[in-house]
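One letter stands for each residue in the lines below.
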Amino acid sequence: MASKLSSKQLAKLAVLETFPARFDTIHRLIEEMGTMRADESQVRRLARTLDEMKAAAGSIGETGLVDTLGVMATLARRTGGLQTRVRGLREGFGSLKINLEGAIRAATREEDKDQVDEADLPKS
């Protein structure tokens, strides 16, 4: 049985479906940083990719993804110990995968017709 999704859910899914394609690049760049093969331009590419994904997640209201991507972008730009940055990015990447799965699950869940949004209620 096919579930009917609202236009808002379809818009969220359209954005969220672009993320897994970028995961390979993010993972590869983090591992290159860990093995000290990444130069400064590759680290900037990682930060730019994370910022683009953060903006896309923010446009659909996925705050969990926005927070995780923001922390990861900050870590990528941070100076200091490389191993600390890489460890934080690896943990953030795991969290990013979990948050994406939850966001996709929430976006594909059929909405209750009986449930009324508070935004739709008249102000008294």
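Residues numbered from 1 in each chain as written. Predicted model: local features only at pLDDT ≥ 70, side-chain atom pairs only at ≥ 80, totals over all residues. Heavy atoms only, no water.

(A) Molecular detail of unusual backbone geometry. Positive phi, close to 65°, is recorded for Met36, a residue that is not glycine. Looking at where Met36 falls in the secondary structure, it is placed in the loop between helix H2 (19-34) and helix H3 (40-59). Exposure remark for Met36: the relative accessible area of 65% places this residue in the exposed category. (Helix = DSSP H or I, 4+ residues; strand = E, 2+ residues; numbered from the N terminus. Buried < 20%, exposed > 50% of the residue type's maximum accessible area, 1.4 Å probe, protein only.)

(B) Representation of the packing of helix H1 (residues 7-16) against helix H5 (residues 82-108). Relative to each other, H1 and H5 sit at 155°, their axes nearing to 9 Å. In terms of axis orientation, H1 runs roughly antiparallel to H5. Two packed elements cross with a definite hand, and for H1 against H5 that hand is left-handed. Between H1 and H5, the residues in contact are Gln9, Lys12, Leu13 and Leu16 and Leu100, Ala103, Ile104, Ala106, Ala107 and Thr108, respectively. Among the residues making up the contact of H1 with H5, the classes are represented as 7 nonpolar, 2 polar and 1 charged. (Axes fitted to C-alpha atoms, helices over the stretch in contact; angles between N-to-C directions. Parallel < 35°, antiparallel > 145°, perpendicular 65-115°, else oblique. Left-handed = near helix turned anticlockwise from the far one by under 90°. Contact = heavy atoms within 4.5 Å. Nonpolar A, V, L, I, M, F, W, Y, C, P; charged D, E, K, R; others polar.)

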